[in-house]
Amino acid sequence: MLTQCLPGILIPFAGTTLGSACVFFMKKTLHEGVQRALTGFAAGVMVAASIWSLLIPAMEQSEGLGRLAFIPAAVGFWLGIGFLLLLDMAVPHLHQGADTPEGPHSGFSRTTMLVLAVTLHNIPEGMAVGVVYAGYLTGSASITAMGALALSLGIAIQNFPEGAIISMPLKAAGMSRGRAFWAGTLSGAVEPVGALFTIWAAGLVVPALPYLLSFAAGAMIYVVVEELIPEMSQGEHSNIGTICFALGFSVMMVLDVALG
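Residues numbered from 1 in each chain as written. Predicted model: local features only at pLDDT ≥ 70, side-chain atom pairs only at ≥ 80, totals over all residues. Heavy atoms only, no water.

Details of the packing of aromatic side chains
Following the criterion strictly, the structure yields six aromatic pairs and no others. Look at Phe 181 and Trp 182: their rings are 5.3 Å apart centre to centre, the planes differ by 65°, and that puts the pair in the edge-to-face class. Exposure remark for Trp 182: the relative accessible area of 51% places this residue in the exposed category. Ring centres of Phe 197 and Trp 200 lie 5.7 Å apart, and the angle between their planes is 40°; this geometry places the pair in the tilted category. Of this pair, Phe 197 and Trp 200 both sit in helix H7 (residues 190-204), three residues apart, which is roughly one turn of that helix. (Phe/Tyr/Trp six-rings, centres within 6.5 Å; stacked < 30°, edge-to-face > 60°. Buried < 20%, exposed > 50% of the residue type's maximum accessible area, 1.4 Å probe, protein only. Helix = DSSP H or I, 4+ residues; strand = E, 2+ residues; numbered from the N terminus.)

Listed below in structure tokens is the structure:
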């Protein structure tokens, strides 16, 4: 049955790859306003996915606990927050538009740390796709094949601008188009790996599925609040990022409800 899920697992990675390919036909870096708009859109998709595709199914699967059905969702959510917080502290990385790296001191180049920053927040996206497909494979009534596909499509849509946002600045910094493309593409390679690992882990401990769903939600919310919202609010006309956040949220909500 896992082979049935492979296309869905690879869809988000395809989004990153296509976005990174922008480096071959765009001559200039993305305008700051465009970057804020794309970042806001990505943040909206991730928040909506966290709610409709992860937290709500986690609570639905815990209905047997009655009024305590929120416990697995709350516990998993905070574990996801803590996991990304630890990664943020342990891995040297540089956020887009920032001058000072975060994490421990290292001899990594600015380019490497930019790629690491994007890779870090791709981890929870891969886990989110993996755990939703794990729920589908285990026969969860609250997760359908179309619902899982909706999440994959939503993540792929927001991965497209992410690929461009990482590859275009690398080319502008002097890297060849080919290397910039591969750097952007490889930043998303962690997603199918994370998805497969999560499916494997969920298969070992099926009762842990609600915790894994909310874990992925917490990790994605951490990325949105710690990285994407500050980036979309930089400079003048920050309302562009806010409007695109609402657009991304709406697109993901529609996808999940219409397809799920």
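Focus on the nonpolar core
Of all hydrophobic cores here, the largest spans 49 residues; its most connected members are Leu 54, Val 132, Leu 151 and Leu 213. For this core, the elements supplying multiple residues, two or more each, are helix H1 (2-20), helix H2 (32-60), helix H3 (70-90), helix H4 (110-137), helix H5 (145-172), H7, helix H8 (209-232) and helix H9 (239-259). The residues contacting Leu 54, other than those within four sequence positions of it, are Ala 49, Ala 128, Val 131, Val 132, Leu 213, Ala 216, Ala 217 and Met 220. Ala 21, Val 23, Leu 114 and Phe 181 belong to the second-largest nonpolar core, a separate cluster that totals twelve residues. (Core = buried A, V, L, I, M, F, W, Y, C linked by side-chain atoms within 4.5 Å. Contact = heavy atoms within 4.5 Å.)

Notes on the packing of H2 against H8
One can describe the packing of H2 onto H8 by two numbers: an axis separation of 9 Å at closest approach and a directional angle of 160°. Here H2 lies roughly antiparallel to H8, going by the angle between them. Pair H2 / H8 crosses with left-handed handedness. Looking at the contact of H2 with H8, its residues break down into 19 nonpolar, five polar and two charged. (Axes fitted to C-alpha atoms, helices over the stretch in contact; angles between N-to-C directions. Parallel < 35°, antiparallel > 145°, perpendicular 65-115°, else oblique. Left-handed = near helix turned anticlockwise from the far one by under 90°. Nonpolar A, V, L, I, M, F, W, Y, C, P; charged D, E, K, R; others polar.)

As for H2
A rise of 1.5 Å per residue sets the reference length of H2, with its 29 residues, at 42 Å; its end C-alpha atoms lie 41 Å apart and thus fit the reference within 8%. Of all the bends in H2, the largest measures some 30° and sits at Ser 50. Of all 29 residues making up H2, 21 are buried, and the element is well covered by its neighbours. (Expected span 1.5 Å × (residues − 1). Bend = angle between axes of the 7 residues up to and from the residue.)

Examining the side chain of Thr 198
As for its placement among the helices and strands, Thr 198 is situated in helix H7. According to the relative accessible area criterion, Thr 198 is buried, its value standing at 3%. Among the polar contacts listed, one links the side chain of Thr 198 to the backbone oxygen of Gly 194, at a separation of 2.7 Å. If near-sequence neighbours (up to four positions away) are discounted, Thr 198 is found in contact with Met 127, Gly 130 and Val 131. (Polar contact = N/O pair within 3.5 Å; in protein donor to acceptor, adjacent residues only side chain to side chain.)

Thoughts on H5
Helix length check: H5, at 28 residues, gives a terminal C-alpha distance of 41 Å against a target of 40 Å (1.5 Å per residue), a fit within 8%. At Asn 159, H5 shows its maximal bend, which comes to roughly 25°, and the proline Pro 161 appears one to four places after that position. Most of H5 sits inside the fold, with 21 of its 28 residues counted as buried. Backbone geometry just downstream of H5 places Gly 174 in the positive-phi region, at approximately 115°.

Re the packing of H2 against H5
The interhelical angle for the contact between H2 and H5, taken along N-to-C directions, is 155°, at an axis separation of 9 Å. By the criterion of interaxial angle, the relationship of H2 to H5 is roughly antiparallel. Considering only the axes of H2 and H5, their crossing is left-handed. In this structure, H2 uses Gln 35, Leu 38, Thr 39, Phe 41, Ala 42, Val 45, Met 46, Ala 49 and Ser 53 to contact H5, whose residues at the interface are Leu 151, Gly 154, Ile 155, Ile 157, Gln 158, Pro 161, Glu 162 and Ile 165.

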